[in-house]
Amino acid sequence: MPKPDFGFAFAPNRALDLSAPLLPEVQVVLETEPSIRACMACGQCAAVCTAGAFTPLAFYRLVLQLRGGDVAAVGERARHCMLCGKCQMTCPRGVNIRNAVLLMAALAPPKP
Amino acid sequence: MNASEYLPKDEVAIIGGGPAGMQTALALSERGFSVRIYEQKEQLGGHLKGWHHLFPHGVAASDLLGQLKEQVLARAVPLHLGQSVDRLQKVGAGWVLWQGERPLGRAGVVVLANGFALFDARRKEEYGYGLYPSVLTAADLEAVFRKEQPWPFGSDRMAPQVGFVHCVGSRDLKCGSPHCSKLCCVTAVKQAMAVKSLFPEAQVYCFYMDLRMHGLEYEELYRKAQVDYGVRFIRGRLSEAAPGQGKRLHVKAEDTLQGRPLHLQLDMLVLMSGMVPAFLLEQQERAVFLKEPVFGSGFVPVQGLLAAGSVVQQEGLFASGACKGPATLPEVFADAAAVAREVEQYLKSLKAVAHA
Ligand SMILES: Cc1cc2nc3c(=O)[nH]c(=O)nc-3n(C[C@H](O)[C@H](O)[C@H](O)COP(=O)(O)OP(=O)(O)OC[C@H]3O[C@@H](n4cnc5c(N)ncnc54)[C@H](O)[C@@H]3O)c2cc1C
Ligand code: SF4
Ligand code: SF4
């Protein structure tokens with residue numbers, strides 16, 4: 001007998017669990033580039049980002065996702081960066097974005 | 001009592017012996033006016049008595065209070081402690097102060113300096129204040145810092161998880177307080193840093209809607225909390241607190257920057273209870289009543305420029321400090337000087353009329 005279709009499917013729980021400790025690789029990124037912590041999610045970096053116009057790259061979102069432990073997505077998205085440095089010029093909190101992006105990009109598994 | 005009986009025109013009565021009352025008394029006394037303070041408690045100090053250290057520089061609250069009291073004593077300002085004024089009666093050009101049926105004294109000018117009250121956090125039932133012992137208010141946490149109250153978690157917890165909820169009972173129409181209490185953001189940052197200093201392994205989170213770091217050096221404190229102390233700021237108002245694992249609390253919120261729900265187990269939840277009116281001023285033709293505030297009753301209404309001290313509709317009645325709305329201590333002190341000047345102008349104008 002076919003299963004009834006109620007028109008929805010179960011998706012994995014989207015909730016973030018902050019009680020889980022930061023992943024060790026995330027801690028390494030934050031400790032290697034402590035200026036990341038100064039980000040206040042103003043979004044200016046994303047607004048000037050050339051790569052961001054065509055790809056899912058938005059630096060401040062990478063910072064949020066990094067803390068959430070979504071390292072694969074962070075690494076994947078960071079690789080869209082062309083290192084032009086406009087974001088770093090514009091960041092009011094002086095985040096060393098270029099170095100942060102390089103550290104983040106290294107989180108993705110190497111391309112085959 | 002008729003008008004001709006009334007004499008002490010230069011006598012200023014100050015209602016409230018908190019920072020505003022003390023500083024206004026000092027400013028007027030230095031100008032040569034005779035002032036006296038009526039304070040309902042047995043001690044001077046107001047809310048400052050309950051704080052541990054002050055933003056932004058961490059000055060000990062007891063040091064500042066000690067200095068203020070010393071100056072008040074040095075100028076021999078008469079103190080009427082344990083006297084709560086609940087009614088002012090206009091007699092001639094001045095006032096008679098009452099506590100119930102008992103006249104407490106008279107004065108040519110009355111300055112209201114009776115401050116603010118803390119929002120009763122039990123009214124935000126979803127946060128469980130009064131129900132769960134690990135839910136505190138910011139004022140309770142100051143008492144913990146002052147060692148007047150124990151930490152709500154065991155001493156075996158070296159890495160407590162601690163959350164601060166901004167805007168509790170502020171910016172909340174349903175609670176009758178549409179205003180921003182304006183100093184709880186920086187207070188949360190100050191307290192978060194203090195918790196991290198005492199428990200370096202702690203995880204500390206601030207749940208905010210926006211961070212209002214209006215004062216000199218407050219923004220720098222915020223950045224320091226992020227970078228040097230690792231305090232995490234989550235944009236989103238906590239939706240609820242419920243019992244969690246063991247003695248912990250389970251809290252939920254939406255991380256509105258990520259557009260994702262989040263949950264967390266906490267050892268201590270601190271509610272940044274806002275500043276609300278301490279009394280309701282009921283103004284009549286020749287009398288003013290200080291009553292229990294009601295839902296949405298608001299702070300003391302003043303007229304003129306933004307920082308003005310004279311109370312709407314009443315000649316010879318002024319207001320100083322946080323009874324007019326949320327204010328920090330530096331603001332209260334600046335206001336006291338401004339109010340003292342207004343009182344001086346008023347008393348001079350009376351003299352000019354008398355000599356004319
Ligand atoms: C959690 C918290 C932390 C804070 N930390 C800081 C800080 O670090 N730095 C800073 O600058 N500011 C801080 N503030 C603000 C500071 O507490 C206020 O600016 C200050 O207390 C206001 O002084 P006030 O004299 O106007 O009012 P209050 O301190 O409320 O004093 C009012 C006085 O009037 C008396 N009174 C009331 N009614 C009557 C009556 N009818 N008759 C007689 N007496 C009466 C009261 O007993 C009291 O003594 C903080 C506030 C809060 C809520
Ligand atoms: S510009 Fe700087 S502070 Fe603003 S979001 Fe980007 S990294 Fe953060
Ligand atoms: S100062 Fe901050 S915590 Fe306090 S009411 Fe305003 S926004 Fe909310």
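Refer to the structure above for everything that follows.
Attention in this report is confined to the structure presented alongside it. (Residues numbered from 1 in each chain as written. Chains lettered and ligands numbered in written order. Predicted model: local features only at pLDDT ≥ 70, side-chain atom pairs only at ≥ 80, totals over all residues. Heavy atoms only, no water.)

So, on to the overall build of chain A. Per the secondary structure count, chain A includes 6 helices and 1 strand. Listed N to C, the secondary structure of chain A is β-α-α-α-α-α-α in terms of helices and strands. In terms of overall size, chain A is more extended than a compact globule, its C-alpha atoms giving a radius of gyration of 17 Å where 112 residues would be expected to give roughly 13 Å. Expressed as lengths along the three principal axes of its C-alpha atoms, the size of chain A is roughly 60 × 35 × 35 Å. (Helix = DSSP H or I, 4+ residues; strand = E, 2+ residues; numbered from the N terminus. Rg over C-alpha atoms; globule rule 2.2 N^0.38 Å.)

Residue and element names in this part refer to chain B. Helix α2 (residues 61–74) packs onto helix α1 (residues 19–30) with a crossing angle of 40 degrees between their chain directions and a minimal axis gap of 10 Å. The angle between the axes of α1 and α2 places the two elements in the oblique class. Here α1 and α2 pass one another in a crossing that is left-handed. Residues P19, M22, Q23 and L26 of α1 touch α2, and the partners they reach there are L65, L68, K69, Q71 and V72. Its residues placed into classes, the contact of α1 with α2 shows 6 nonpolar, 2 polar and 1 charged. (Axes fitted to C-alpha atoms, helices over the stretch in contact; angles between N-to-C directions. Parallel < 35°, antiparallel > 145°, perpendicular 65-115°, else oblique. Left-handed = near helix turned anticlockwise from the far one by under 90°. Contact = heavy atoms within 4.5 Å. Nonpolar A, V, L, I, M, F, W, Y, C, P; charged D, E, K, R; others polar.)

Our next topic: the interface of chain B and chain A. Facing the 20 residues of chain B at the interface are 17 residues of chain A. Regarding the contact of chain B and chain A, the summed buried area is about 1,900 Å², with carbon and sulfur atoms giving 52% of it. A salt bridge links R93 of chain A to E219 of chain B; its shortest N-O distance comes to 2.7 Å. Counting across the chain B and chain A interface gives 12 residue pairs in polar contact (both at pLDDT 80 or more). Broken down by element, the side of chain B that touches chain A gets its largest block of residues, 6 residues, from strand β17 (residues 260–266) of chain B. Residues belonging to the side of chain B that touches chain A are distributed by class as follows: 8 nonpolar, 7 polar and 5 charged. (Buried area = accessible area lost by both parts, 1.4 Å probe. Salt bridge = Lys/Arg side-chain N within 4 Å of Asp/Glu carboxyl O. Polar contact = N/O pair within 3.5 Å; in protein donor to acceptor, adjacent residues only side chain to side chain.)

Let us now look at the packing of helix α3 (residues 59–67) of chain A against helix α4 (residues 71–78) of chain A. Residues and elements named next belong to chain A. Running from N to C, α3 and α4 point in directions that differ by 155 degrees, and their axes come no closer than 8 Å. When the axes of α3 and α4 are compared, the pair comes out roughly antiparallel. Between α3 and α4 lies a crossing of left-handed hand. The residues of α4 that touch α3, namely those facing L62, Q65 and L66, are V74, R77 and A78.

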